[in-house]
Amino acid sequence: DRVLSGCGHASSTAQQRTSIFDVPASLAPVSDDHLAELKGPLNTASTLSENFLLEYTQGMPAADVGWGCVDGATLRNLMQLHAAAAEFSQRTPVIARIQASNLLDHIFQAMKQQVTAKPITDAPGKLGDRMLLLVGHDTNISVVAGALGLDWIIDGRRDDTPPGGALVFELWRQRTTGTYSVKIYYTAQTLEQMRNAVPLSPKSPPVRVPVFVLGCSVKDFSCPWNDFTSIVRSAVLDVNADR
């Protein structure tokens, strides 16, 4: 609200402004890909903070980012409003499970066919693939994280899903025992890497943080395959008993 009011600068107009806190709050069902639509101060702030994010990361002059009121530190604080809105509308378990089940099951089946060394008909990718890349939206990451109860802090922000970010599932095989485990990471560029169009390289990589899976991960953040299977089956709706 302070940014919208000019962050302390004198207003250029005498017209009375509406505070973001005066935006009516409501929750209603919708018919598109969102099960419900949340409106109000938090939802409005979430949308505006994303607009400031795009202004900042596309390299607009500092005087034009949020009317000169938003620098990197301020933006990191504002993006927590976006994360808070996602916590309600996307990461809430009952909503997340409904919206993430199909995608999460496909991720699981892709890994399962590597573990069993048997092709699975509806699994994305092929047996023996070293990498599978699924491209979607920040909402896809949020609902998968909500369904599995995942949290992370990256570049000074909690559970943020900035442009180009990725939730990474790694399948590991122990050479001596042949047992499998899963490690989950979140990776993204820093805001300054995006703003300055820094070429990514081994010397200047994006940030990468390990993600702990509650009830599954051990000290090194790995999750034994059988435990991971149980976690996914608890999160995914209508998983076939024989899968």
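The structure we're discussing is the one just above.
Thresholds, definitions, all that
Residues numbered from 1 in each chain as written. Predicted model: local features only at pLDDT ≥ 70, side-chain atom pairs only at ≥ 80, totals over all residues. Heavy atoms only, no water. Buried < 20%, exposed > 50% of the residue type's maximum accessible area, 1.4 Å probe, protein only. Helix = DSSP H or I, 4+ residues; strand = E, 2+ residues; numbered from the N terminus. Pairing = 2+ DSSP bridges. Polar contact = N/O pair within 3.5 Å; in protein donor to acceptor, adjacent residues only side chain to side chain.

## Brief notes about the pairing of strand β6 (residues 180-188)
Piece 1. Most of β6 sits out of view: 8 of its 9 residues are buried.
Piece 2. Note that strand β5 (residues 166-173) and β6 share 8 bridges and pair antiparallel. Paired with Glu170 across the two strands is Lys183, which belongs to β6.
Piece 3. Counting the residues in the hairpin turn of β5 and β6 gives 6 residues, including Gly178, whose phi is positive at 80°.
Piece 4. Looking at chain direction, β6 and strand β8 (residues 223-224) are connected through 2 bridges and run antiparallel. Directly across from Val182, in β8, lies its bridge partner Cys223.
Piece 5. Bridge count for β6 against strand β7 (residues 207-211) is 5 bridges, and the pairing is antiparallel. Each bridged residue has a counterpart across the sheet, and for Thr187 the counterpart in β7 is Arg208.

## A closer look at the environment of Gln174
Piece 1. Within the fold, Gln174 resides in the loop between β5 and β6.
Piece 2. Residue Gln174 is classed as partly exposed on the basis of its relative accessible area of 39%.
Piece 3. As a C-alpha pair, Gln174 and Ser201 span 27 residues in sequence and 29 Å in three-dimensional space.
Piece 4. Here Thr176 takes part through its side chain, which lies 3.2 Å from a polar atom of the side chain of Gln174.

Geometry only, nothing functional implied.
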